[in-house]
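What the coordinates show
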Amino acid sequence: MAGDRSQEAKAPVLEVRNLRVSYTTAAGPLRAVNGVSFYLWPGERLGLVGESGSGKTTTALSLMRLMQDTTVVEGGEVLLDGVDLLKLSEEEMRQARFAKISLIPQGAMNSLNPMMKVGEQLRDTIRAHQPKGNSKATIDARIQQVLESVELRLNVMDSYPHELSGGMKQRVCIAMSILLNPKVIIADEPTSALDVVVQRQVMETLRRVQVALGAAVILVGHDMGLMAQFVDRIGVMYGGKLVEVGPVRGIFKDPLHPYTQLLIKSLPNLDMKDVFRGIPGLTPSLLTPPPGCMFHPRCPQVIQRCSVDIPKFVEIKPERWAACHLCEGGRQ
Ligand SMILES: Nc1ncnc2c1ncn2[C@@H]1O[C@H](COP(=O)(O)OP(=O)(O)O)[C@@H](O)[C@H]1O
Ligand SMILES: [Mg+2]
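Scoring rules and cut-offs
Residues numbered from 1 in each chain as written. Chains lettered and ligands numbered in written order. Predicted model: local features only at pLDDT ≥ 70, side-chain atom pairs only at ≥ 80, totals over all residues. Buried ≥ 20, exposed ≤ 12 C-beta atoms within 10 Å, placed from the backbone. Helix = DSSP H or I, 4+ residues; strand = E, 2+ residues; numbered from the N terminus. Pairing = 2+ DSSP bridges. Core = buried A, V, L, I, M, F, W, Y, C linked by C-beta atoms within 7 Å. Contact = placed C-beta atoms within 7 Å. Near = placed C-beta within 6 Å. Nonpolar A, V, L, I, M, F, W, Y, C, P; charged D, E, K, R; others polar.

To continue, consider helix H1 (residues 56–63). For H1, the buried fraction is high: seven of the eight residues fall into the buried class. If you check which residues of H1 are buried, you get Lys-56, Thr-58, Thr-59, Ala-60, Leu-61, Ser-62 and Leu-63.

All right, on to the pairing of strand S11 (residues 314–317) then. Relative to strand S12 (residues 320–322), S11 runs antiparallel, the two sharing three bridges. Of the residues in S12, the one forming a bridge with Lys-317 is Arg-320. Connecting the antiparallel pair S11 and S12 is a turn made up of two residues, with Glu-319 showing a positive phi of about 70°.

With that settled, consider the nonpolar core. Among the nonpolar cores identified, the biggest contains 89 residues, and Leu-40, Ala-175, Val-184, Ile-186, Ile-218, Val-236 and Val-243 are the most heavily contacted of them. Considering every element that reaches this core, the biggest residue donor is helix H5 (residues 166–178), with seven residues. Not counting the four nearest positions on each side in its chain, Val-236 is found in contact with Val-49, Gly-50, Leu-242, Val-243, Glu-244, His-257, Tyr-259, Thr-260 and Leu-263.

Here we take up the sheet that holds strand S1 (residues 14–25). Paired through their backbone hydrogen bonds, the strands of a sheet run either parallel or antiparallel. Pairing in this open sheet of four strands is antiparallel, and the strands run S2-S1-S4-S5 from one edge to the other. Unpaired on one side and paired on the other, strand S2 (28–40) and strand S5 (83–84) mark the two borders of the sheet. Of the strand pairs in this sheet, S1 and S2 are connected by ten bridges, and their pairing is antiparallel. Bridge pairing in S2 links Val-16 to Phe-38.

Right, let's get into unusual backbone geometry. Residue Asn-181 is not a glycine yet carries a positive backbone phi of 55°. Mapped onto the elements, Asn-181 comes out in the loop between H5 and strand S7 (184–188). The class for Asn-181 is partly exposed, based on 14 C-beta atoms found within 10 Å. Even without being glycine, Glu-189 reaches a positive phi, approximately 45°. Note on placement: Glu-189 falls in the loop between S7 and helix H6 (196–213).

Let's shift gears to the site of ligand 1. As a matter of local geometry, ligand 1 sits amid 15 residues, with Tyr-23, Ala-32, Lys-56, Thr-57 and Thr-58 nearest to it. Residue assignment for the shell around ligand 1 shows that the elements contributing at least two residues are S1, S2 and H1. By residue number, the principal contributor to the shell around ligand 1 is H1, which donates three residues. Its residues assigned to classes, the shell around ligand 1 comprises four nonpolar, ten polar and one charged.

Every regular strand shows the same layout, with side chains that alternate between the two sheet faces. Of the two faces of strand S6 (residues 101–104), the one carrying Ile-101 and Leu-103 and the one carrying Ser-102 and Ile-104 are both buried. Two strands pair when backbone bridges link them, and S6 and S7 are joined in this way by four bridges, in the parallel orientation. Among the inter-strand pairings, Ile-101 is bridged to a residue of S7, identified as Val-184.

Once that is clear, we can look at the environment of Pro-29. Along the chain, the position of Pro-29 falls in strand S2. Linking Pro-29 and Gly-221, residues 192 residues apart in sequence, is a C-alpha distance of 25 Å. Residues in contact with Pro-29, not counting those within four places in the same chain, are Ser-22 and Thr-24.

Laid out in structure tokens, this is it:
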């Protein structure tokens, strides 16, 4: 899929350009997303990976324009089929959610309404987009089709969320995200609350429905290993920025950014089974970010320039993007 040269003739389904989002806090603006740019091909799976606090969820919510009162979109474009979602009216954006771009939010299973049966919640999602359109029978036929595709029995429609297991609730959330055939599905840590066996099953389901629908997926997570099994390309976030983007295979074989290198080294492997290798140091303060490269205080390969100049996010070689002074002008 990604890396397929025939894709080059096509347009990306989603293109994010220089997205900048901050939160207003008592201590001043907190820059959670600081100039993020990437594209997503139709049907492609892109992973956004990074430590907690790197801005993954803020990016996901901003693409959906699900803002809090304290969120400020400072700039950028979110082009879905060439239309900038940031410029749509509230009503136009409401229509686009679920129908064109949908989100399985972080902690999705807790986002289901505990007071409402699953079937009603699914019907509401369809009705909100087709108020005068379809009959209840047509709506239920669609819901049944989608529930089958996520391997749930139809009787879950009569259940309240608390009557379902974590894996089943997560499947309901996947069902909701595909009800209206979106072109892009964003899944924010869709399996992090589940045990590993259920995690794998839910990921398989997500992949199957995504392929059947031909939708592109942005999978947000912190687990580089899980990510590698699911996505075509990986984007690594650090301190509100993308520091590296590239096809999975290339990233694992030849990570360009020192942070990506450390993320891969810190994955458990059989030779090192008793050694936990985290990344030393703390994530940067987004209220008072370090000058130059956000990663330079923790970077084992830091050079003088890193504390002065902000590295540009550039294509180092075909399809391999990175923001690092060491990578610029060729391989380190
Ligand atoms: N509502 C908020 N108000 C202020 N700061 C926030 C808010 N939500 C998130 N943040 C901060 O924004 C940064 C990015 O958070 P988030 O997007 O949730 O990262 P991630 O999903 O990668 O863990 C963090 O420093 C976090 O503390
Ligand atoms: Mg998050």
